[in-house]
Amino acid sequence: FTQMQSSLYKVWEVSQGCEEEVACAIADPRGEDCPLVYVSSMFEALTGYDREFSMGRNCRFLQPNEAWFNATFNRNECRQMKEFCAEPQPKGARLVSLLVNERKDGYPFLNLLVMEHIEVGTPTGPPS
């Protein structure tokens, strides 16, 4: 948990240094279908989806509704993300992708996605 807090703090520091806010979502790749376990208020503002809708879901709901559009612009990135989540990653492994996503109202936006492997310990001990 401390490492996750440290990584989130770094994101926050960068966003504050630029006087910008960063949309942030955290997913659990060990959960069924890699559910979101945290979304920031900026994520809600950017996407139009509130926490109640987002939490516990896979973030695929951000993909364009038109399958041909999603396949045209995001096919390779989606494959890389799926592999990143499915295969064991070394601590600190990172994947950076640029995706075309859609807000709740259907308006497209570019999402600079950074996926990083972070090990989180349990309240009774370090990561296993």
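Reading the values: rules and limits
What you see as residue numbers is a count from 1 along each chain, following the sequence as written. Selection of residues for local features in this predicted model requires a pLDDT of at least 70, selection of side-chain atom pairs for listing and counting requires 80 or more, and totals for whole chains, interfaces and linings are taken over all residues. Side-chain metrics in this entry use all non-hydrogen atoms of the structure; hydrogen atoms and water are not considered. Two strands qualify as a pair provided DSSP detects at least 2 bridges between them. Counting from the N terminus, the helices are the DSSP runs of H or I reaching at least four residues and the strands are the DSSP runs of E reaching at least two. Here, two residues are considered to be in contact whenever any of their heavy atoms come within 4.5 Å of each other. Note on aromatic pairs: the rings of Phe, Tyr and Trp (six-membered ring only in Trp) are paired at centre separations within 6.5 Å, and the planes decide the class, stacked below 30 degrees, edge-to-face beyond 60, tilted for the rest. By convention in these notes, a salt bridge is any Lys or Arg side-chain nitrogen within 4 Å of a carboxyl oxygen on Asp or Glu. When accessible area is computed with a 1.4 Å probe and restricted to protein chains, residues below 20% of their type maximum are described as buried, those above 50% as exposed, and intermediate ones as partly exposed.

Student: For this particular structure, what's the right way to read the pairing of strand E4 (residues 108-116)?
Tutor: It is a general feature of regular strands that their side chains alternate between the two faces of the sheet. With nine bridges connecting them, strand E3 (residues 94-102) and E4 associate as antiparallel partners. The residue of E4 that forms the bridge with Ser-97 is Leu-113. In textbook terms, the turn of a hairpin is the stretch between consecutive antiparallel strands, and for E3 and E4 this stretch comprises five residues, one of which, Gly-106, has a positive phi near 90°.

Student: Any chance you could explain the side chain of Asn-70 here in plain terms?
Tutor: In this fold, Asn-70 is placed in helix H4 (residues 67-86). With residues near it in sequence (within four places) discarded, Asn-70 still touches Gln-63, Pro-64 and Arg-75.

Student: Looking at this structure, how should I read the packing of aromatic side chains?
Tutor: Within this structure, the stated rule accounts for five aromatic pairs. Each ring, one from Tyr-49 and one from Phe-53, has its centre 4.9 Å from the other, and the planes form 20°; the classification is stacked. Seen from their ring centres, Phe-69 and Phe-73 are 4.6 Å apart, and the 45° between their planes marks the pair as tilted. One end of the pair is Phe-69 and the other is Phe-73, both in helix H4 and four residues apart, which spans about a single turn.

Student: In this structure, what is going on with the pattern of salt bridges? I would like to understand it.
Tutor: Taken as a whole, this structure holds six salt bridges when the rule is applied. Salt-bridge contacts for Asp-33 lead to Arg-60; the nearest nitrogen and oxygen are separated by 2.6 Å. Taken together, the positions of Asp-33 in the loop between strand E1 (25-27) and strand E2 (36-39) and Arg-60 in the loop between helix H3 (51-54) and H4 put the pair 27 residues apart, joining distant regions of the chain. Judged by its relative accessible area of 42%, Asp-33 falls in the partly exposed class. Where Asp-105 meets Arg-103, a salt bridge forms, and the shortest distance between an N and an O atom there is 3.4 Å. Taking the relative accessible area as the measure of exposure, Asp-105 reaches 56% and is therefore exposed.

Don't take any of this as a statement about function, it's just geometry.
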